[in-house]
Amino acid sequence: MPKRVDHEERRSQIAEALVRVAGRRGLHAVGMRDVAAEAGVSLRLVQYYFQTKENLLLYGLEHLAAGLGARVAERLRAVGQDPGPRAMIEALLMESLPTDEASRTFHIVYTSYAALALTDEALAAQPFIDNPNAAEDALTALLQQAVDAKLAPPDTDPRTEAISLLAMSAGLGTSILVGQRTQESAASVLRHHLDRLFPALR
């Protein structure tokens, strides 16, 4: 009896190969043949599942975001039950810094997607900013919880602070990649600002 193929698992395998190659060479330099070789499958199989490079890139973007979500969830589980808004925000921001192979690859490839979307019509036509908007909404909700629980000052603007934290995290991540600062110093900057937002927990 022939072995049953898990098509979603195969698609994820190919998307993971795309992410690995793009992390080494940059997304602009990756072709479907490169991805097939990295995944250990035929070019024909990659074309069967995705038809075009644009389809592969779009699925790869979803795969990349899902991987970040899973790593954030794992970091939160390590913190413990009911960690509170401060710990949850810190977990999300720290996971987005390139401090290990997985987060470094995420930062490189996601930045490559953003740059490519500026000139690629197929990528530009997609809801590329949905995931950043979701992260902003999540941080805003957590900061609002902190204000309501009197863990943060009552005059805190949760939306503005969420935008600021995400922009800071992205900039710090890039500064780590280019060697401007260490992982430890970047993490220290983020914690400094969280201390400012959560004076009741200092």
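Reading the values: rules and limits
Residues numbered from 1 in each chain as written. Predicted model: local features only at pLDDT ≥ 70, side-chain atom pairs only at ≥ 80, totals over all residues. Heavy atoms only, no water. Helix = DSSP H or I, 4+ residues; strand = E, 2+ residues; numbered from the N terminus. Buried < 20%, exposed > 50% of the residue type's maximum accessible area, 1.4 Å probe, protein only. Core = buried A, V, L, I, M, F, W, Y, C linked by side-chain atoms within 4.5 Å. Expected span 1.5 Å × (residues − 1). Polar contact = N/O pair within 3.5 Å; in protein donor to acceptor, adjacent residues only side chain to side chain. Phe/Tyr/Trp six-rings, centres within 6.5 Å; stacked < 30°, edge-to-face > 60°. Salt bridge = Lys/Arg side-chain N within 4 Å of Asp/Glu carboxyl O.

A positive phi angle is found at Asp82, which is not glycine, with a value near 50 degrees. Residue position: Asp82 is located in the loop between α4 (53-79) and α5 (85-95). The residue Lys150 is not glycine, and still its phi comes out positive at about 60 degrees. Relative to the elements of secondary structure, Lys150 occurs in the loop between α8 (130-148) and α9 (158-177). For Lys150, a relative accessible area of 69% puts it in the exposed group.

Judged by nonpolar contacts, the single largest core of 56 residues is most densely connected at Leu18, Val46, Leu56, Ile89, Tyr113 and Leu165. At 9 residues, α4 tops the list of elements feeding residues into this core.

This part takes up helix α6 (residues 101-117). In an α-helix there are 3.6 residues to a turn, and that puts residues three or four apart on one side. Compared with an ideal rise of 1.5 Å per residue, which puts 17 residues at 24 Å, α6 spans 24 Å between its outermost C-alpha atoms and is within 8% of the ideal. N-cap assignment for α6: the residue whose side-chain oxygen lies 3.3 Å from the backbone N of Ala102 is Asp100.

What follows is about the packing of aromatic side chains. The description of two aromatic rings rests on the distance between their centres and on the angle between their planes. Tallied over the entire structure, the rule returns 3 aromatic pairs. Between Tyr48 and Tyr49, the aromatic rings sit 5.0 Å apart at their centres with planes inclined by 80 degrees, giving edge-to-face as the arrangement. Taking the relative accessible area as the measure of exposure, Tyr48 reaches 54% and is therefore exposed.

Further remarks concern the pattern of salt bridges. For the structure on display, the rule yields 13 salt bridges. Between Arg71 and Glu95 there is a salt bridge, and its shortest N-O distance comes to 3.0 Å. Of this pair, Arg71 sits in helix α4 while Glu95 sits in helix α5, and the two are 24 residues apart along the sequence. Among the salt bridges present, the one from Glu161 reaches Arg196, with a minimum N-O distance of 3.4 Å. Here Arg196 lies in helix α10 (residues 183-197) and Glu161 lies in helix α9, a separation of 35 residues in the sequence. By relative accessible area, Glu161 is classed as buried at 16%. Note on Arg196: relative accessible area 45%, which makes it partly exposed. Taken together, the shared-partner salt bridges connect Arg86, Glu90, Arg191 and Asp195 into one network.

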